[in-house]
Amino acid sequence: MKLSHRTDEVALPPTITRIVAIGDPHGDLAGLAAVLAREERDDTLLVSVGDNVGYGDSVVSSELCRRLAAKKVLSVHGNHEAWLEPDGRLH
């Protein structure tokens, strides 16, 4: 299998001195809330490494994705995001 290679430059403001990666939350709202409460600071950029979507829990995963979007958390697509319909709903 050939993997595509993609690089994007991200220009961060000088006020950002920390990057916190959220890995594989899989719809864990309580875990996300704990990370946001602990890590949300003016000098911190939060990013998600994907797999925000859980295991057949469309309501919970949708809420987690809404919370990430509301906080402007950048995210890449993990393999579980392949379950999403083009309109963002789980199938």
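Whatever comes next refers back to the structure up there.
Attention here is on the structure that accompanies the text. (Residues numbered from 1 in each chain as written. Predicted model: local features only at pLDDT ≥ 70, side-chain atom pairs only at ≥ 80, totals over all residues. Heavy atoms only, no water.)

Our focus in this paragraph is the sheet that holds strand S1 (residues 18-22). With parallel pairing, three strands are arranged side by side in an open sheet as S1-S2-S3. The open sheet is flanked by S1 and strand S3 (74-75), the only strands paired with a single partner. Examined bridge by bridge, strand S2 (residues 44-48) and S3 share two bridges and lie parallel to one another. Across the sheet, the residue bridging to Ser 48 is Ser 75, located in S3. Sheet strands touched by helix H1 (residues 29-39): S1 and S2. Its angle to S1, the strand with the most contacts, is close to 175°. (Pairing = 2+ DSSP bridges. Helix = DSSP H or I, 4+ residues; strand = E, 2+ residues; numbered from the N terminus. Contact = heavy atoms within 4.5 Å. Axes fitted to C-alpha atoms, helices over the stretch in contact; angles between N-to-C directions.)

Before going further, it helps to spend a moment on the pairing of S1. Sheet analysis places S1 next to S2, joined by five bridges and oriented parallel. Bridge pairing in S2 places Arg 18 opposite Thr 44. Handedness of the crossover is the feature at issue here: the chain leaves S1, passes through H1, returns alongside S2, and the resulting connection is right-handed. (Right-handed = clockwise from strand over helix to strand, strands pointing away.)

Residues Leu 32, Val 35, Leu 36 and Glu 39 constitute the buried set of H1. With its buried residues spanning 100° around the axis, H1 presents them on a single face. Residues of H1 that are exposed and point more than 90 degrees away from the buried face comprise Ala 30, Ala 37 and Arg 38. Summarising the contacts, the buried residues of H1 are in contact with S1, S2 and helix H2 (58-70). Of the residues that open H1, the one with a side-chain oxygen 3.3 Å from the backbone nitrogen of Ala 30 is Asp 28. (Buried < 20%, exposed > 50% of the residue type's maximum accessible area, 1.4 Å probe, protein only. Arc of directions from axis to C-beta. Polar contact = N/O pair within 3.5 Å; in protein donor to acceptor, adjacent residues only side chain to side chain.)

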